[in-house]
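Listed below are the residues making up each chain.
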Amino acid sequence: DAGVTQSPTHLIKTRGQQVTLRCSPKSGHDTVSWYQQALGQGPQFIFQYYEEEERQRGNFPDRFSGHQFPNYSSELNVNALLLGDSALYLCASSLASAGNGYTFGSGTRLTVV
Amino acid sequence: DAKTTQPTSMDCAEGRAANLPCNHSTISGNEYVYWYRQIHSQGPQYIIHGLKNNETNEMASLIITEDRKSSTLILPHATLRDTAVYYCIVSYNSGYSTLTFGKGTMLLVSP
């Protein structure tokens, strides 16, 4: 049973560039949430997608955007990268009709130089 | 801000029970207590959740006080692989409720 798959696992970008991170949810899940985790901190909620629409959003600027595809996979896009965007980006999937907790991927480590 | 308070760190000897406390004095009637853990360089892993009754699964037990203002996660026989950051989170029991993480408790299990 495949869990949540994220790609790439690591990447390095230059300040001002744009980046796209990808997530495939656990089989049977229909909701995808994205979190940012800075070093030494707990994950912070970015946004959540359900039925291909952004359902909820945390306190993140418009530079952060996303998309969900008909197969429930999702992308996180960050424009005009800042040094402070360096973090572990986590994708979590769930089933909207259930409450059995989220399944997280191992994350993408983004370094902005 | 996180709605829970946890100790920053705890130590436990291998083979002993690890009891991780959490305070959530502002929890509302419909909110559940969730526990996740994060082993270094991995994503958080769901452990257990409960509303007001004590819960047990293959990983851990969750004890919630009668007034629901605090809870304790119990790992009955801690192993070195249980070394991780443990997060106590209050959330609604829905697949689209968001999780608000605090800094969690760093549990170090030693030989």
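See the structure above.
Residues numbered from 1 in each chain as written. Chains lettered and ligands numbered in written order. Predicted model: local features only at pLDDT ≥ 70, side-chain atom pairs only at ≥ 80, totals over all residues. Heavy atoms only, no water.

Draft legend 1. Local environment of the packing of aromatic side chains. Counted by the stated rule, this structure contains 12 aromatic pairs over all chains. Summarising the aromatic geometry, the rings of A:Tyr35 and A:Phe104 are spaced 5.7 Å apart at their centres and angled 50 degrees between planes, so their arrangement reads as tilted. Of this pair, A:Tyr35 sits in strand 4 (residues 31-37) while A:Phe104 sits in strand 10 (residues 103-104), placing them 69 residues apart in sequence. One exposure class covers both A:Tyr35 and A:Phe104, and it is buried. Between A:Phe104 and B:Tyr36, the aromatic rings sit 5.9 Å apart at their centres with planes inclined by 85 degrees, giving edge-to-face as the arrangement. In this pair, A:Phe104 sits in strand 10 while B:Tyr36 sits in strand 3 (residues 31-38), so the two residues belong to two different chains. (Phe/Tyr/Trp six-rings, centres within 6.5 Å; stacked < 30°, edge-to-face > 60°. Helix = DSSP H or I, 4+ residues; strand = E, 2+ residues; numbered from the N terminus. Buried < 20%, exposed > 50% of the residue type's maximum accessible area, 1.4 Å probe, protein only.)

Draft legend 2. Structural view of the interface of chain A and chain B. Each side of the interface is counted separately: chain A has 24 residues, and chain B has 20 residues. Carbon and sulfur atoms make up 52% of the area that chain A and chain B hide from each other, which totals about 1,600 Å². Considering only the surface of chain A that becomes buried against chain B, A:Gly99, A:Tyr102 and A:Phe104 emerge as the three largest contributors, covering 29% of it. The tally of links between chain A and chain B comes to 0 salt bridges. (Contact = heavy atoms within 4.5 Å. Buried area = accessible area lost by both parts, 1.4 Å probe. Salt bridge = Lys/Arg side-chain N within 4 Å of Asp/Glu carboxyl O.)

Draft legend 3. Geometry of the state of the cysteines. Residue and element names in this part refer to chain A. For the coordinates displayed, the defined rule picks out 2 disulfides over all chains. The partner cysteine of Cys23 in its disulfide is Cys91, sulfur to sulfur 1.8 Å. Here Cys23 and Cys91 share a disulfide; its torsion about the S-S bond, -65 degrees, makes the bridge left-handed. One end of the pair, Cys23, is in strand 3 (residues 19-24); the other, Cys91, is in strand 9 (residues 87-94), with 68 residues separating them in the sequence. (Disulfide = S-S within 2.5 Å.)

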